[in-house]
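Architecture at a glance
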Amino acid sequence: MFLEIDNIHKYYSQLHVLKGISTSLNKGDVLSIIGPSGSGKSTFLKCINFLEYPSKGTVMLNGEPIGFDYSGKLMNEKVICQQRRKFGMVFQNFNLFWHMNLLENIIEAPIRVLKKSKIIAISEAEELLNKVGLYEKRYNFPKKLSGGQQQRAAIARALAMKPEVMLFDEPTSALDPETIGEVLKVIEQLANEGMTMLVVTHELNFAKNISTRVMMMDEGLIVDDLSTDSFFNSQDNIRKTNFIGQNH
Amino acid sequence: MDWSFFADQLLNPTDKFVRAFFLVICMSLISMFFGVILGIIFALLRLSKSILIQTFSFLYIWIFRSVPVMVWFVLFYTGFAIADIYRFQDLNLFGFIIRGNVQAAIICLSMREAAYMAEVIRGGILSVEQGQVDASKVLGMTWWQTMYRIVLPQSLRVVVPPMGNNFNIMLKTTALASVIGVEELFLTTRTISAATFKVFEMFLILAIAYLIITMGWSMFQLVMEYRLKRHEQDPDKTLFQKFKINFRIDNNPHRDGS
């Protein structure tokens, strides 16, 4: 398996947010994670790239342990920092650096972290901006752009680090309805190119279209984790059918 | 009022007065420079996870904000020398002779400024959204890269206005260094007025001198704050249009209809 996640637990002091989440993905798989708010979807995503340290559990990417070593000890911060860039992450609120224009946003990490030369970083960034349709806006500052444009730029910024896995944390939840489509199109394009992705989303139709698998979480547990077809066709679980009924 | 003396001294100040004028500017700039750097360090220490380091920083800030800087001047310069702890010697730096009391004054001013700036910078750092830190972490940036590329630049928006305030106060605080015999504007003016008995004229000139210095600073701050608004500007607007937007009195970007 390309990405293996086993028995992730997360406590916030007394609060047990994740109660043993396990899943695994092949290269090129797209896993959509759905579920009601507060079910731990976002926390789970953050535990995969150790943006939040899970309390317990293992994450393996390409057979290499992430965050915890084989004996279950937390690795040092520098190593985790290096491992984290194998995962690209896109946030609900975009989190573009507002004091930099789009181009600067995208070349920042390749230059500082990957030590690429500025010329190469810029040419790669321009290619990515072209891909997400923002080449003309490259000298604009994030706050001058629409939510959809900002989110597409955020995706380009994540891709500039050449991640092996992309994590999307509710990428369209903060967007106006009319700009959701343009962002979903970019994500769909990525899925078609064979990027391994985990997408936390409330867009069930979108999940149905792009995912190879769909996982539903509730109260820190997996309700169901099935291939897309069987997930939407089976009526085995009352919580799941209720959720899908409400959100369709 | 002796107008001819006033005009003469204003337009043709003595060398001593000019030297004092630039000494005030240099002392303030140097102290501000060290103050800001130390301030960043103490702000970061104050935000450290370790209680011990936090407490150390807190104690420093508490002490240097509580005791008047005039007391520090005398304590560091005169007190240290008499107690045989340290005697400030004149320093020859590339042909410029920096007097011992000037060194003591710069050290005290820097340390005091660091305490004030630490609190200002801490506020600035706390004003940066967690999302910005998350975003840089996700891109693999180290803690230090996140700080100096993202968090500190973004905190400037909050830090620069009070920092300007602090610098303005600093320019005027240098007058207190006269207690340890630093020949800055106040002491020089006193000396000249004592020799000529033209107290009113000389101190009027002194007031004007301070006005000129602070005016220069205010202009610099205006330019700095304009540069910090770069992210609110459209790249395709002309420079003149940008200036118009930024220097109008009601420069609330959210009301900018264009």
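**Observations regarding the overall build of chain B**
The number of helices and strands found in chain B is 10 helices and 2 strands. Counting helices and strands in the order they occur from the N terminus, chain B gives α-α-α-α-β-β-α-α-α-α-α-α. Taking all 258 residues of chain B together, the buried fraction comes to 41%. The contacts in chain B between residues at least 6 apart in sequence include a share of 71% that link residues at least 24 apart.

**Let's talk about the nonpolar core**
Met27, Phe73, Met117 and Leu185 of chain B are the most contacted members of the largest nonpolar core, which has 55 residues in total. Broken down by secondary-structure element, the contributors of at least two residues to this core are α1 (3-11), α2 (15-46), α3 (51-66), α4 (69-82), α5 (100-126), α7 (143-173), α8 (185-196) and α9 (199-228) of chain B. The dominant element in this core, judged by the number of residues it contributes, is α5 of chain B, at 13 residues. Not counting chain neighbours up to four residues away, the residues in contact with Met27 of chain B comprise Val102, Ala105, Ile106, Leu109, Thr174, Ala177 and Val182 of chain B. Core analysis: the next-biggest nonpolar cluster, separate from the first, contains 40 residues, Ile8, Ile21 and Leu25 of chain A together with Val138 of chain B among them.

**Let's talk about the interface of chain B and chain A**
With 25 residues of chain B in contact, the opposing surface of chain A contributes 28 residues. Here chain B meets chain A over a buried area of about 2600 Å², counting both sides, of which 59% is carbon and sulfur. In terms of surface lost to chain A, no three residues of chain B exceed Val138, Leu139 and His231 of chain B, which account for 27% of the buried area on that side. Our enumeration of links across chain B and chain A arrives at 1 salt bridge. The partner of Glu108 of chain A in a salt bridge is Arg149 of chain B, and the shortest N-O contact between them spans 2.7 Å. Our count for the contact surface shared by chain B and chain A stands at 8 residue pairs in polar contact (both at pLDDT 80 or more). Every element with two or more residues in the side of chain B that touches chain A is listed here: α6 (130-138) and α7 of chain B.

**Points about the sheet that holds strand β4 (residues 56-61) of chain A**
The strands that make up a sheet are held in pairs by hydrogen bonds between backbone atoms, and each pair lies either parallel or antiparallel. Residues and elements named next belong to chain A. Taken together, 4 strands build an open sheet; the order of strands is β2-β1-β4-β5 and the sheet is antiparallel. With partners counted over all chains shown, the strands left at the sheet margins are β2 (15-25) and β5 (64-66), one partner each. Pairwise comparison of adjacent strand axes, ignoring direction, gives a mean angle of 25° for this sheet. Here 3 bridges tie β4 to β5, and the two strands are oriented antiparallel to one another. The residue bridging Val59 from the neighbouring strand is Ile66, located in β5.

**Here's the deal with the packing of α8 of chain B against α9 of chain B**
The relative placement of two packed helices is expressed as an angle between their axes plus a distance between the axes. All names here are of chain B. Viewed as axis vectors pointing N to C, α8 and α9 meet at an angle of 160°, and their least axial separation amounts to 9 Å. Taken together, α8 and α9 sit at an angle that is classed as roughly antiparallel. Taken as a pair, α8 and α9 cross one another with a handedness that is right-handed. When α8 is examined against α9, the residues Leu185, Phe186, Thr189, Arg190, Ile192 and Ser193 are found in contact with a partner set consisting of Val199, Met202, Phe203, Leu206, Ala209, Tyr210 and Ile213. In terms of residue class, the contact of α8 with α9 is made up of 10 nonpolar, 2 polar and 1 charged.

**Here's the deal with the packing of α7 of chain B against α9 of chain B**
Residues and elements named next belong to chain B. Between α7 and α9, the least distance of the axes is 10 Å, while the angle of their chain directions is 170°. Taken together, the axes of α7 and α9 are roughly antiparallel relative to one another. In this structure, α7 uses Leu156, Arg157, Val160, Pro161, Met163, Gly164, Phe167, Asn168 and Leu171 to contact α9, whose residues at the interface are Tyr210, Ile213, Thr214, Trp217, Gln221, Met224, Glu225 and Leu228. Here the contact of α7 with α9 is composed, by residue class, of 11 nonpolar, 4 polar and 2 charged.

**Topic: unusual backbone geometry**
At Asn62 of chain A, a residue that is not glycine, the phi angle is positive and equals roughly 55°. Mapped onto the secondary structure, Asn62 of chain A falls in the loop between β4 and β5. Positive phi is not limited to glycine here, since Phe197 of chain B has a value of about 65°. Structurally, Phe197 of chain B can be placed in the loop between α8 and α9.

**Some thoughts on the sheet that holds strand β7 (residues 165-169) of chain A**
Residues and elements named next belong to chain A. Across the sheet, which stays open at both edges, the 6 strands sit in the order β6-β7-β8-β3-β9-β10 with mixed pairing between neighbours. Each of the sheet's edge strands pairs with one partner strand only, and the pair in question is β6 (87-90) and β10 (221-227). For this sheet, the mean angle separating the axes of adjacent strands, direction not counted, is 15°. Sheet topology places strand β9 (residues 213-218) next to β10; 6 bridges connect them, and they run antiparallel. Residue pairing in the sheet places Met217 in a bridge with Ile222 of β10. Of the strands in this sheet, β6 and β7 touch helix α5 (residues 147-159), which is tilted by about 170° from β6.

**So, the pattern of salt bridges**
Enumeration over the complete set of coordinates arrives at 15 salt bridges over all chains. Lys10 of chain A is paired through a salt bridge with Glu52 of chain A; the nearest N and O atoms lie 4.0 Å apart. Note that Lys10 of chain A is positioned in strand β1 (residues 3-12) and Glu52 of chain A in the loop between α1 (41-48) and β4, a separation of 42 residues in sequence. Residue Glu52 of chain A is classed as partly exposed on the basis of its relative accessible area of 23%. When salt bridges that share partners are traced, they join Glu108 and Arg112 of chain A together with Arg149 of chain B into one network.

**Focus on the pairing of strand β3 (residues 30-34) of chain A**
The side chains of a regular strand alternate between the sheet's two faces. All names here are of chain A. Most of β3 is tucked away, with 5 of its 5 residues classed as buried. Bridging between β3 and strand β8 (residues 196-200) involves 4 bridges; their strand directions are parallel. Looking at the pairing, Ile33 lines up with Val200 of β8.

Calculation criteria
- Residues numbered from 1 in each chain as written.
- Chains lettered and ligands numbered in written order.
- Predicted model: local features only at pLDDT ≥ 70, side-chain atom pairs only at ≥ 80, totals over all residues.
- Heavy atoms only, no water.
- Helix = DSSP H or I, 4+ residues; strand = E, 2+ residues; numbered from the N terminus.
- Buried < 20%, exposed > 50% of the residue type's maximum accessible area, 1.4 Å probe, protein only.
- Contact = heavy atoms within 4.5 Å.
- Core = buried A, V, L, I, M, F, W, Y, C linked by side-chain atoms within 4.5 Å.
- Buried area = accessible area lost by both parts, 1.4 Å probe.
- Salt bridge = Lys/Arg side-chain N within 4 Å of Asp/Glu carboxyl O.
- Polar contact = N/O pair within 3.5 Å; in protein donor to acceptor, adjacent residues only side chain to side chain.
- Pairing = 2+ DSSP bridges.
- Axes fitted to C-alpha atoms, helices over the stretch in contact; angles between N-to-C directions.
- Parallel < 35°, antiparallel > 145°, perpendicular 65-115°, else oblique.
- Left-handed = near helix turned anticlockwise from the far one by under 90°.
- Nonpolar A, V, L, I, M, F, W, Y, C, P; charged D, E, K, R; others polar.

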